[in-house]
Amino acid sequence: MSDARAVEGDAVTPAAAGGPDASGAAEAAPGGREAPAAAVPTRAVPALSTATAVMLGALAVAFLAAASLAAGAVGLLALALLVAALTVVSRRLCRLAGATFAAAFLAAAATPATPAPLVGAAVLAVAAWDVADHGLGLAAHVGREAGTARNELVHAAASLAVGTAGGAVAYGVSLVADGGQPVSALVFLLFGGVVILAALRE
Amino acid sequence: MTRTRRWAGLVGAALLVLGVGVVFLSPGPVLAAAVAGGVLAVRAAATPPEPELAVQRRLETAAPEPGADVRVEVTIRNEGDALSDLRLLDGVPDGLAVVDGPARHATSLRPGDAATFAYTVQAARGHHSWNPTTVIARDPVGVHERETTVHAESELRCVPALQGTAGLPLRGLTTPYAGRVSTDVGGDGIEFHAVREYRRGDPRARVDWNRAARTGELATLQLREERAATVVLVVDARSTAYVAPEPERESAVERSVHAAGALGNQLLAAGDRVGASAFSPRDCWVAPDTGSGHRARLRHALGTDPAFAPSPPTAADPIVARLWRQRFRRRLPTEAQLILFSPCVDDPPVRLARRLNALGHLVTLVTPDPTPPSGVGGRLAGLERGLRLAGLRSGGVRVLEWGPTEPFAVAADRAARRWSG
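On a predicted model such as this, the values are computed, not experimentally measured, just so you know. (Residues numbered from 1 in each chain as written. Chains lettered and ligands numbered in written order. Predicted model: local features only at pLDDT ≥ 70, side-chain atom pairs only at ≥ 80, totals over all residues.)

### Digging into the overall build of chain A
How we decide: Every helix listed is a DSSP run of H or I at least four residues long, and every strand listed is a run of E at least two residues long, numbered separately from the N terminus. Exposure classes come from backbone-placed C-beta atoms, where a residue is buried if 20 or more other C-beta atoms lie within 10 Å of its own, exposed if 12 or fewer do, and partly exposed in between.
Scanning chain A from terminus to terminus reveals six helices and zero strands. Reading the secondary structure of chain A in the N-to-C direction produces α-α-α-α-α-α. Counting every position in chain A, which comprises 202 residues, the buried fraction comes to 50%.

### Some details on the overall build of chain B
Formally: Values of the radius of gyration come from C-alpha atoms, whereas the globule rule sets the reference at 2.2 Å times the count of residues to the power 0.38. For the purpose of contact definition, each residue receives a C-beta atom placed from its backbone, and two residues are in contact when these atoms lie within 7 Å.
Across its full length, chain B holds nine helices and 19 strands. Its C-alpha atoms give chain B a radius of gyration of 33 Å, clearly above 22 Å, the size a compact globule of 421 residues would have. Among the 421 residues that make up chain B, the fraction classed as buried is 45%. Residue pairs at least 24 apart in sequence account for 73% of intrachain contacts in chain B once pairs closer than 6 positions are excluded.

### Structural notes on the nonpolar core
The line we're drawing: When buried Ala, Val, Leu, Ile, Met, Phe, Trp, Tyr and Cys residues are joined through C-beta atoms within 7 Å, the set is termed a nonpolar core. As used throughout, domain bounds are those supplied by an automatic or database domain assignment.
By size, the foremost hydrophobic cluster in this structure holds 103 residues, and its most contacted members are L82 and A128 of chain A together with V35 of chain B. The dominant element in this core, judged by the number of residues it contributes, is helix α4 (residues 115–141) of chain A, at 17 residues. Looking at which domains feed residues into this core, each of domain 1 (2–45) and domain 2 (53–158) of chain B gives three or more. What A128 of chain A contacts, discounting residues up to four positions off in sequence, is A53, L56, G57, A60 and L82 of chain A. V231, L233, Y242 and L267 of chain B belong to the second largest nonpolar core, which has 59 residues in total.

### Points about the interface of chain A and chain B
Residue-level contacts link 76 residues of chain A with 82 residues of chain B. Mapped by element, the contributors of at least two residues to the side of chain A that touches chain B are α3 (91–110), α4, α5 (149–176) and α6 (183–199) of chain A. Per element, the largest residue contribution to the side of chain A that touches chain B is 14 residues, and it comes from α5 of chain A.

### Some words on unusual backbone geometry
Of note, the phi angle at V89 of chain A is positive, near 55°, even though the residue is not glycine. Mapped onto the fold, V89 of chain A is located in the loop between α2 (69–88) and α3. Of note in the backbone geometry, C344 of chain B takes a positive phi value of approximately 55° without being a glycine. With respect to the helices, strands and loops of the structure, C344 of chain B is situated in the loop between β17 (336–341) and α7 (348–358). With 27 C-beta atoms counted inside 10 Å, the residue C344 of chain B sits in the buried group.

### Describing the pairing of strand β14 (residues 230–236) of chain B
Residue and element names in this part refer to chain B. The criterion, for reference: Two strands qualify as a pair provided DSSP detects at least 2 bridges between them. When the strands point away from the viewer and the connection leading from the first strand across the helix to the second strand turns clockwise, the crossover is called right-handed.
Counting buried residues in β14 gives seven out of seven residues, a clear majority hidden from the surface. Of the two faces of β14, the one lined by T230, V232, V234 and D236 and the one lined by V231, L233 and V235 are each fully buried. As defined by bridge partners, β14 adjoins strand β15 (residues 273–279) across seven bridges and the pair is classed as parallel. Within β15, the position partnered with T230 by the bridge is R273. A crossover connection joins β14 to the parallel β15 through helix α4 (residues 252–269); in handedness this β-α-β unit is right-handed.

### A word on the sheet that holds strand β9 (residues 131–138) of chain B
Residue and element names in this part refer to chain B. Read from one edge of the open sheet, five strands run β1-β10-β9-β4-β6, paired in antiparallel fashion. Each end of this open sheet is capped by a strand with a single partner; those strands are β1 (2–3) and β6 (104–109). Across six bridges, the pairing between β9 and strand β10 (residues 144–150) is antiparallel. The residue of β10 that forms the bridge with I136 is E147.

### Considerations on the domain arrangement of chain B
Residue and element names in this part refer to chain B. Heads up, the rule is: Under this grouping Gly is polar, as are all residues other than the nonpolar Ala, Val, Leu, Ile, Met, Phe, Trp, Tyr, Cys and Pro and the charged Asp, Glu, Lys and Arg.
In terms of domain boundaries, chain B breaks down into domain 1 (2–45), domain 2 (53–158), domain 3 (179–227) and domain 4 (230–418). Once you take the C-alpha centre of each, domain 2 and domain 4 turn out to be 37 Å apart. Across the boundary between the two partners, domain 2 contributes seven residues, which contact five residues of domain 4. Within the side of domain 2 that touches domain 4, the residues separate by chemical class into one nonpolar, three polar and three charged.

### Concerning the sheet that holds β15 of chain B
Residues and elements named next belong to chain B. Put simply, the rule is: The axes are straight lines fitted to the C-alpha atoms, using for helices just the contacting stretch, and the angles between their N-to-C directions are given from 0 to 180°.
Pairing is mixed in the open sheet, where six strands are placed in the order β16-β15-β14-β17-β18-β19. At either margin of the open sheet sits one strand with a lone partner, and together these are β16 (285–289) and β19 (398–402). Shown here is a sheet whose adjacent strand axes are inclined to one another by a mean of 20°, direction ignored. Pairing of β15 with β16, which is carried by three bridges, proceeds in the antiparallel orientation. Bridge pairing in β16 links A276 to V286. Contacting β14, β15, β17 and β18 (363–368), α4 crosses the sheet at an angle of about 170° to β14. Those strands touched by helix α8 (residues 376–394) are β18 and β19, and its axis lies near 150° from that of β19.

### Side note on the confidence of the model for chain B
Residues and elements named next belong to chain B. Put simply, the test is: What pLDDT reports is the predictor's confidence in each residue, on a scale of 0 through 100.
The predicted model of chain B has a mean per-residue pLDDT of 88, with 100% of residues at 70 or higher. β15 holds the highest mean pLDDT among the elements of chain B, 94, whereas strand β12 (residues 178–197) holds the lowest, 78. Among the scores for the predicted complex, ipTM is 0.77 and pTM is 0.74.

### Quick look at the pairing of β15 of chain B
Residue and element names in this part refer to chain B. The buried count for β15 comes to seven of seven residues, which makes it a mostly enclosed element. Covered by surrounding structure in β15 are R273, G275, S277 and F279 together with V274, A276 and A278, the residues of both alternating faces. What sits between β15 and β16 in their antiparallel hairpin is a turn of five residues.

### Brief notes about the environment of L268 of chain B
All names here are of chain B. Along the polypeptide, L268 turns up in helix α4. Using a count of 20 C-beta atoms within 10 Å as the deciding quantity, one classes L268 as buried. Considering only alpha carbons, one finds L268 and R354, 86 residues apart in sequence, at a separation of 26 Å. Leaving out residues up to four positions away in the same chain, L268 has contacts with V274, T290 and R295.

### Let's talk about the confidence of the model for chain A
Residue and element names in this part refer to chain A. Here chain A averages 78 in pLDDT, and 74% of its residues register 70 or above. Mean pLDDT values over the elements of chain A span from 72, in α6, up to 95, in α2. Scored below 50 in pLDDT, residues 1–38 makes 94 contacts in the model with residues more than four places away or belonging to other chains.

### Considerations on the packing of α3 of chain A against helix α2 (residues 27–45) of chain B
Convention followed: Here the word oblique covers every angle except those under 35 degrees (roughly parallel), over 145 (roughly antiparallel) and from 65 to 115 (roughly perpendicular).
Packing of α3 of chain A against α2 of chain B leaves a shortest axis separation of 8 Å and a crossing angle of 150°. With respect to α2 of chain B, the element α3 of chain A is oriented roughly antiparallel. Together, F105, A108 and A109 of chain A of α3 of chain A and G28, P29 and A32 of chain B of α2 of chain B make up the contact between the two elements. For the contact of α3 of chain A with α2 of chain B, the class distribution of residues is five nonpolar, one polar and no charged.

In structure tokens form, the structure reads like this:
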């Protein structure tokens, strides 16, 4: 069989794995037979990625709920979307899940929320989305049956490490700079944040 | 190299959360935005991966029997910098089916590290060489993606043995050499042919003594001479001949090649001279000959020559039937008869059979039926094919129809009982 590279689509359905075209005086497959079902890669997210993403997402929801119940509720919706995205193999749903996680933080901003769990929630939510999206990429490229454990674990670890480092630095700075800042300091913080994020745009 | 744009949208989300956090004077969301900022900083710093890989492929056996499972082990070694995200798609030849484990793998490799994965292919007749392995590498955060190929030469040759005892009666076009095809020439042999006037020197055993007793005149019995034939097996292997009643069934070309092998084996054993050629854009010509060396040559040609390959020729090399026929006629010995194998789903093989038959190279057409028994399309194709075959029969070509589920030996036996020399 020709192992042509699968195209990463926005919405990839598992049914697109390809069945034999049985129409009229059918063209014979090369070699006179169709590859057995076991050999056609299933376009499904590898089990490890699915489990890791759902676990990280659930932890993120728990942290969100610890910060504020409203945020936890929105986070639960995000988790449901993430599970749906991994089940039907859809990148669009995965993006929607990421956006819903962001909305959970907006909900946390609107309600009185404790800061420390939100930092943890942010690290976990970013990692959960990253692992899920990576798993969707693997589903498109190599499918579920291929050996992917090492790749998935390395990616998940890297993702968590990056998030944790960012979170630790941010939380450390916030602890040091704790105290009643004037409003002008907040304005400068906002300005600085916007400049940094703008600089980091692609 | 491409950018995956997988983090697109994170900047917007982080800015929104940051803004809303500042507006509501809530430190938590601001810190959450800072986490996103950290990821974005790493993304900005990520460099595209430069995969430098060496691939080694080990086949369990390079010359398996047809239908045997062959385990393929692929080892990939990282000869450059660390690659945290690597996806491999092995270039399995088109003619081979992967029966166990996809020929794909994803891993991450430190410098000098190697990864091994394995899959199993089912050997099919022919000479197969592996295509380059496709490598997709991403940086740790998945911003850049680079797709390249790495090549490792691997070849699998699967040559079925010439076997089978399916004999097909040949037509009466022979060489001057002794063999097993009864001719209309009177001489030495077994079967009665004619009686002629006695000439001095005729062997006494051949004198018709009954007649001498009855009439008093001496007469000599003439027997049919048995001679060897020169047979060229021609397999229609144009891309249109790669048809089967159902997708998972053997194609007409595959069945034709098997039948040609069986027939060639039987004819060689009977002392006939056998050659082979493919009516295909991919040229193949095995000149008619006898002997065990020639037998091996014929087996290898039918087994591995690209012209008889299990996968059809590409559209890039078209066939001009007239030119093919001219070249084929130049090569063909004058006394050669043809056995043409074709599903006859279009006209060129029909014209070829008719022309060559008219030119004196008597043609026997063996036609494996590729039309599905059900469905309007299949029935229509079957009717068209039936008309073509009827036309050929009326043109003096011998036609052997070979049903989709029938073994060749059965079809040949059926024909042998019906046809006379």
